[in-house]
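The lines below spell out each chain.
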Amino acid sequence: MQPDQAREFLRTNHRAVLATTRADGRPQLSPVTCGVDAAGRVIISTRETAVKTRNLRRNPLASLCVVTDAFFGGWVQVEGQADVVSLPEAMEFLVEYYRLVSGEHPDWDEYRAAMQRDRRCLIRIEIDRAGPDISG
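The sections below set out a description of the structure shown in this document. What you see is a predicted model; the values in this text were computed from it and never measured. (Residues numbered from 1 in each chain as written. Predicted model: local features only at pLDDT ≥ 70, side-chain atom pairs only at ≥ 80, totals over all residues. Heavy atoms only, no water.)

## Focus on the packing of aromatic side chains
Consideration 1: With the rule as written, the count across this model stands at 4 aromatic pairs.
Consideration 2: Centroid distance Phe71 to Phe72: 4.9 Å. Interplanar angle 85 degrees. Geometry classified as edge-to-face.
Consideration 3: Residue Phe71 is classed as exposed on the basis of its relative accessible area, which comes to 52%.
Consideration 4: Residue classification places Phe72 among the exposed positions, given a relative accessible area of 69%.
Consideration 5: With centroids separated by 5.3 Å and ring planes inclined at 85 degrees, the aromatic side chains of Trp108 and Tyr111 adopt a geometry described as edge-to-face. Within this pair, Trp108 and its partner Tyr111 are both found in helix 4 (residues 108-117), separated by 3 residues, close to a single helical turn.
Consideration 6: Using a relative accessible area of 6% as the deciding quantity, one classes Tyr111 as buried.
Consideration 7: Through a chain of ring-to-ring contacts, three or more aromatic side chains come together here, namely Tyr98, Trp108 and Tyr111.
Consideration 8: The ring of Phe93 has Arg124 lying over it, and the distance from NZ or CZ to the ring centre is 5.1 Å. (Phe/Tyr/Trp six-rings, centres within 6.5 Å; stacked < 30°, edge-to-face > 60°. Buried < 20%, exposed > 50% of the residue type's maximum accessible area, 1.4 Å probe, protein only. Helix = DSSP H or I, 4+ residues; strand = E, 2+ residues; numbered from the N terminus. Lys NZ or Arg CZ within 6 Å of the ring centre and 35° of its normal.)

The structure is reproduced here in structure tokens:
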């Protein structure tokens, strides 16, 4: 599967499990909601205090298994290098993320205040590899 095919799937399917690497080398898995930004990166909103954020700052390799809302059916795995964007730089990226995944917010001032209060940040993953290419 080519990265562009995976991006198309991610534009309409937002439920995923993100895999990062713990300090001891074991995987750490997190259920997340994701989107695809204008540059074709996977984007995920999270908190500065989240384990996945700490893991990605130490080791930026990330894997993401994206599924349909029905869970069973089509799915895509993407892998790549992640970076974490913190506030205040992340604010407009977080607005873009919300719009891509959920549409328009009824009160953007309230949303921005919540992002500050919750110490949100944005994970961006460049897609280096996508699959599956085969099924068994």
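## Describing helix 1 (residues 3-12)
Because each turn of an α-helix spans 3.6 residues, side chains separated by three or four positions end up pointing in the same direction.
Consideration 1: Among the residues of helix 1, Ala6, Arg7, Phe9 and Leu10 are the ones counted as buried. For helix 1, the buried positions fall inside an angular range of 160 degrees around the axis, keeping them on one side. Facing away from the buried side of helix 1 by over 90 degrees, the exposed positions are Asp4 and Thr12.
Consideration 2: If you follow the buried residues of helix 1, they end up packed against strand 2 (27-36), strand 3 (42-47), strand 4 (61-67), strand 5 (75-86) and strand 7 (129-131). (Arc of directions from axis to C-beta. Contact = heavy atoms within 4.5 Å.)

## Considerations on the side chain of Thr46
Consideration 1: Considering the arrangement of structural elements, one finds Thr46 in strand 3.
Consideration 2: For Thr46, the residues in contact, after removing those within four places along its chain, are Lys52, Thr53, Arg119, Arg120, Cys121 and Ile123.

## A word on helix 4
Consideration 1: Within the sequence span of helix 4, burial applies to Trp108, Tyr111, Ala114 and Met115. Looking straight down helix 4, one finds that the buried residues subtend no more than 120 degrees of arc, so they occupy a single side. In helix 4, the exposed positions that point more than 90 degrees away from the buried face belong to Asp109, Glu110 and Arg117.
Consideration 2: Considering only its buried residues, helix 4 is in contact with helix 3 (91-102) and strand 6 (120-125).
Consideration 3: Downstream of helix 4 by a residue or two, Arg119 has a phi angle that is positive, lying close to 55 degrees.

## Considerations on the environment of Leu18
Consideration 1: For Leu18, the location among the structural elements is in strand 1 (residues 15-21).
Consideration 2: In this structure Leu18 comes out as buried when scored by relative accessible area, which is 0%.
Consideration 3: Counting along the chain gives 16 residues from Leu18 to Cys34, while the straight-line C-alpha distance between them is 9.5 Å.
Consideration 4: The contacts of Leu18, once residues within four sequence positions are left out, are Gln28, Leu29, Ser30, Val32, Ile44, Lys52, Leu56, Ala62, Ser63, Leu64, Ile123 and Ile125.

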